[in-house]
Amino acid sequence: MYPRAFAYHRAKSYSEATSLLSELGEEAKFLAGGQSLIPLMKLRLSTPAHLVDLNFIPETSYIRSNGALRIGGMTRHAEIAASADIAKLPLLHDCAAGIADPQVRHMGTIGGSIAEADPTGDWAPVLLATGATVKTLGPGGERSVAISDLILDAYTTALQPAELITEIVVPVPAAQSGGAYIALKRCAPVYATASVAVHLTMHDDHVCSDARVYLGVLGLTAKRVQAAEDELRNNAVSAKTIDRVCQAVMDIAEPVSDMRGSAEYKRHAAGALAKLALDAALKRARGERVEVTHLYA
Ligand SMILES: Cc1cc2nc3c(=O)[nH]c(=O)nc-3n(C[C@H](O)[C@H](O)[C@H](O)COP(=O)(O)OP(=O)(O)OC[C@H]3O[C@@H](n4cnc5c(N)ncnc54)[C@H](O)[C@@H]3O)c2cc1C
């Protein structure tokens, strides 16, 4: 289906983009990679009268590592997957490299993904596990918002009208930290059935000093698994601990049966993903190089 006719506006700067959107009002939308917005427009589930294109604004796509890791809002998933700086935080690489297929990864942006707040998107559990902050620019000026305060519900963020995401800031993890993100997908170009992000800091090879565990897809937003974090924090990571972490992940999941599988299947998948992600995160925290790929079934 063709989208509703719309007026196209090419912004030359972020401040021009936010001013334009403010002037044009509720019928206007930012256009980033178009990988969520354009399909929705073609289905007429979204019918903006104006699109304000962010793609021609200079200096909006970058990855900088000066203290924290800074990722420009218009940075494509593929650029993130290919970055040597991102390789130092392999949890981010696991995510970017596994999003859909090369076409989507070369167009889709991290800023657009966060703004879309799709509960089945990959970035939310990963950025929540790293404790990332999102920088924004809107009619009221610049803001810095913790990602946990930005994503409010399915497809709902705390972004104000005409406010856009300019940068994602990921803090440098403490020494002896490691993370991993693993999703279960039916095939590459589709969203995940379930996913788990784990970020650990170890006191030594066995005892965990801090942990963040997030479950993706099986809820309206990515779910923090506090019971799993409590099992890990200040404890030796034994086989029994890992079993309890997996159980906590399964307990918090809110799966529904659909074309991706039964609720029961998804709950068990979440537990299995937690075990794999935890194992990879633990090895990475110990300094091992571990390649992680999503599971396709
Ligand atoms: C076939 C297919 C498979 C996919 N599979 C996956 C997957 O497995 N995992 C996954 O995570 N994603 C997946 N995606 C989505 C993809 O990651 C998109 O890139 C992402 O959801 C949206 O980013 P975008 O840059 O394309 O944004 P757009 O589609 O351009 O915009 C999305 C929304 O965000 C707003 N917006 C865009 N940029 C900003 C900004 N900087 N600030 C504020 N608002 C902004 C727009 O106005 C719009 O409302 C898939 C997409 C397709 C088409």
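A quick note: this is a predicted structure, and the numbers were derived from the prediction, not measured.

### Brief notes about the sheet that holds strand β6 (residues 133–138)
Remark on secondary structure: sheet strands pair via backbone hydrogen bonds, oriented parallel or antiparallel.
Part 1 of the reasoning: Within the open sheet, the 5 strands sit side by side as β4-β5-β10-β6-β7. Their pairing is antiparallel. At either margin of the open sheet sits one strand with a lone partner, and together these are β4 (63–66) and β7 (141–146). Each strand of the sheet is rotated relative to its neighbour by a mean of 20°, with strand direction disregarded.
Part 2 of the reasoning: As paired elements, β6 and β7 share 6 bridges and run antiparallel to each other. Bridge pairing links Gly138 to Gly141 in β7.
Part 3 of the reasoning: Lying on the sheet, helix α1 (residues 14–24) is in contact with β6 and β10 (164–170); it crosses β10 at an angle near 135°.

### What about the pairing of strand β2 (residues 28–31)?
Each regular strand displays side chains that alternate between the two surfaces of the sheet.
Part 1 of the reasoning: Two strands pair when backbone bridges link them, and β2 and strand β3 (residues 50–53) are joined in this way by 4 bridges, in the parallel orientation. Counterpart to Ala28 in the pairing with β3 is His50.
Part 2 of the reasoning: With helix α2 (residues 37–42) bridging β2 and the parallel β3, this β-α-β connection has right-handed handedness.

### Quick word on the site of the ligand
Part 1 of the reasoning: Near the ligand, the surroundings consist of 30 residues, among which Phe30, Gln35, Ser36, Thr109 and Asp122 are the closest.
Part 2 of the reasoning: With respect to the ligand, the backbone of Gln35 contributes an N or O atom lying 2.7 Å from an oxygen atom.
Part 3 of the reasoning: For the ligand, the accessible surface in isolation is 970 Å², of which the surrounding protein chains cover 91%.
Part 4 of the reasoning: Broken down by secondary-structure element, the contributors of at least two residues to the shell around the ligand are β2, α7 (110–116) and β10.
Part 5 of the reasoning: Here the shell around the ligand takes 4 residues from α7, the largest share from any one element.
Part 6 of the reasoning: By residue class, the composition of the shell around the ligand is 15 nonpolar, 10 polar and 5 charged.

### Quick word on the sheet that holds β2
Part 1 of the reasoning: Across the sheet, 3 strands lie side by side as β1-β3-β2; this open sheet has parallel pairing. Strands with a single pairing partner mark the edges of an open sheet, and in this sheet they are β1 (7–10) and β2. Averaged over neighbouring strand pairs, the angle between their axes works out to 25° when direction is ignored.
Part 2 of the reasoning: Each of β1, β2 and β3 is contacted by α1, which is oriented at about 155° to β2, the strand it contacts most.

### Topic: helix α11 (residues 239–252)
Part 1 of the reasoning: The end-to-end C-alpha distance of α11, which contains 14 residues, comes to 20 Å, matching closely the 20 Å that a straight helix rising 1.5 Å per residue would cover.
Part 2 of the reasoning: Those residues of α11 that fall on the buried side of the exposure criterion are Thr241, Ile242, Val245, Cys246, Ala248, Val249 and Met250.
Part 3 of the reasoning: At its buried positions, α11 is contacted by β12 (194–202), β13 (207–216), α10 (226–232), β15 (235–236) and α12 (263–285).

Cut-offs used in this document
Residues numbered from 1 in each chain as written. Predicted model: local features only at pLDDT ≥ 70, side-chain atom pairs only at ≥ 80, totals over all residues. Heavy atoms only, no water. Pairing = 2+ DSSP bridges. Helix = DSSP H or I, 4+ residues; strand = E, 2+ residues; numbered from the N terminus. Axes fitted to C-alpha atoms, helices over the stretch in contact; angles between N-to-C directions. Contact = heavy atoms within 4.5 Å. Right-handed = clockwise from strand over helix to strand, strands pointing away. Near = heavy atom within 4 Å. Polar contact = N/O pair within 3.5 Å; in protein donor to acceptor, adjacent residues only side chain to side chain. Areas by Shrake-Rupley, 256 points an atom, 1.4 Å probe, with all protein chains shown as cover. Nonpolar A, V, L, I, M, F, W, Y, C, P; charged D, E, K, R; others polar. Expected span 1.5 Å × (residues − 1). Buried < 20%, exposed > 50% of the residue type's maximum accessible area, 1.4 Å probe, protein only.

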